[in-house]
Amino acid sequence: MRKVFFGFAVLQLVAVLAQFYLATFGAFETPHPAPGDPNAAINYHAMNGTMVIPLVSLLTTVVALIARAGGKVAGLSILPFVLVAVQLFVIFPLAEIAGATETATTTASLVVMGFHALDGVAILAVAVVVVRRARALVKGAPGAAPAGARVAA
């Protein structure tokens, strides 16, 4: 089961890496699409960030719990979901309060939106740590066993 957890951890990392690619994919689309255009390339970034990453994070967490990877590892596995929620329910609303709309931004809203990128970097860092911890569990590295687990002598 730990190999399955490792597979889900890698899948989570791939989804996060794809998110960075899709952000650039959408940002450099020319001519720039009209606000709300359903065919805009940035929509792939939005869909991956609001649907794929949270779903994969939830599944990775469930598999971590089933694999008895430990509470800390399971907590790290759910953290991308939590950080996406921070973007959706904290950063974006604060940017709107600071004056961001679909057609215009203010300096204050751009400062707030800068945290969108920083939050994305945090998601990437967590995904890398989860893969490393999952790999250590698969390889049976010293200290990889969860707290309270019996270690064969």
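Remember, it's a predicted structure, so these values are computed and weren't measured experimentally.

### Some details on the overall build of the chain
A count of helices and strands for the chain gives four helices and zero strands. For the chain, the N- to C-terminal ordering of α and β elements is α-α-α-α. Considering the chain as a whole, with its 153 residues, one finds that 31% of them fall into the buried category. Looking at the chain alone, contacts between residues at least 24 apart form 68% of all its contacts between residues at least 6 apart. For the chain, the exposed area adds up to about 9300 Å²; of that, 71% sits on carbon and sulfur atoms. One way to put it: in the chain the 9 positive side-chain charges average out to a point 39 Å from where the 5 negative ones average out.

### Brief notes about helix H2 (residues 42-66)
In an α-helix, one turn spans 3.6 residues; hence positions three or four apart end up facing the same way. Spanning 25 residues, H2 covers 35 Å between terminal C-alpha atoms, matching the ideal 36 Å at 1.5 Å per step. Of all the bends found along H2, the most pronounced is centred on asparagine 48 and spans about 40 degrees. The inward-facing, buried residues of H2 contact helix H1 (2-27), helix H3 (71-97) and helix H4 (107-139). The first or second residue beyond H2 is arginine 68, which carries a positive phi of 55 degrees.

### Quick word on H1
In this model H1 runs 38 Å from its N-terminal to its C-terminal C-alpha over 26 residues, within 8% of the 38 Å that 1.5 Å per residue would give. Considered for burial, the residues of H1 that qualify are Phe5, Ala9, Gln12, Leu13, Ala15, Val16, Gln19, Leu22 and Gly26.

### Here we look at the packing of H2 against H3
Two quantities define a packed helix pair, namely the angle between the axes and the distance from one axis to the other. Between H2 and H3, whose axes approach to 7 Å, the crossing angle comes to 160 degrees. One element, H2, and the other, H3, form an angle in the roughly antiparallel class. As for the relative orientation of H2 and H3, their crossing is left-handed in sense. Only Ala74, Ser77, Ile78, Pro80, Phe81, Val84 and Leu88 of H3 make contact with H2, whose side of the interface consists of Gly49, Thr50, Ile53, Pro54, Ser57, Leu58, Thr60, Thr61, Ala64 and Leu65. Here the contact of H2 with H3 is composed, by residue class, of 11 nonpolar, six polar and no charged.

### Some words on a nonpolar patch on the surface
Side chains of Tyr21, Phe25, Tyr44, Met47, Met51 and Val52 sit close together on the surface and give an oily, nonpolar patch of about 630 Å² of accessible area. Looking at the nonpolar patch, the elements with two or more residues in it are H1 and H2. Take the nonpolar patch: its biggest share by element is four residues, from H2. Tracing the backbone through its elements, the reader meets methionine 51 in helix H2.

### Brief notes about the side chain of aspartate 119
Tracing the backbone through its elements, the reader meets aspartate 119 in helix H4. Apart from the residues within four sequence positions on either side, aspartate 119 is in contact with Leu83, Val84, Val86, Gln87 and Ile91.

### Examining the packing of H3 against H4
In contact at an axis separation of 9 Å, H3 and H4 are set at 170 degrees when each is read in the N-to-C sense. Of the possible angle classes, the one that applies to H3 and H4 is roughly antiparallel. The residue makeup of the contact of H3 with H4, split by class, is 19 nonpolar, five polar and two charged.

About the thresholds
- Residues numbered from 1 in each chain as written.
- Predicted model: local features only at pLDDT ≥ 70, side-chain atom pairs only at ≥ 80, totals over all residues.
- Heavy atoms only, no water.
- Helix = DSSP H or I, 4+ residues; strand = E, 2+ residues; numbered from the N terminus.
- Buried < 20%, exposed > 50% of the residue type's maximum accessible area, 1.4 Å probe, protein only.
- Contact = heavy atoms within 4.5 Å.
- Areas by Shrake-Rupley, 256 points an atom, 1.4 Å probe, with all protein chains shown as cover.
- Lys, Arg positive; Asp, Glu negative; His and termini not counted.
- Charge placed at Lys NZ, Arg CZ, Asp CG, Glu CD.
- Expected span 1.5 Å × (residues − 1).
- Bend = angle between axes of the 7 residues up to and from the residue.
- Axes fitted to C-alpha atoms, helices over the stretch in contact; angles between N-to-C directions.
- Parallel < 35°, antiparallel > 145°, perpendicular 65-115°, else oblique.
- Left-handed = near helix turned anticlockwise from the far one by under 90°.
- Nonpolar A, V, L, I, M, F, W, Y, C, P; charged D, E, K, R; others polar.
- Patch = residues over 30% accessible without salt bridge, like charges linked within 9 Å, V, L, I, M, F, W, Y side chains within 5 Å.
- Salt bridge = Lys/Arg side-chain N within 4 Å of Asp/Glu carboxyl O.

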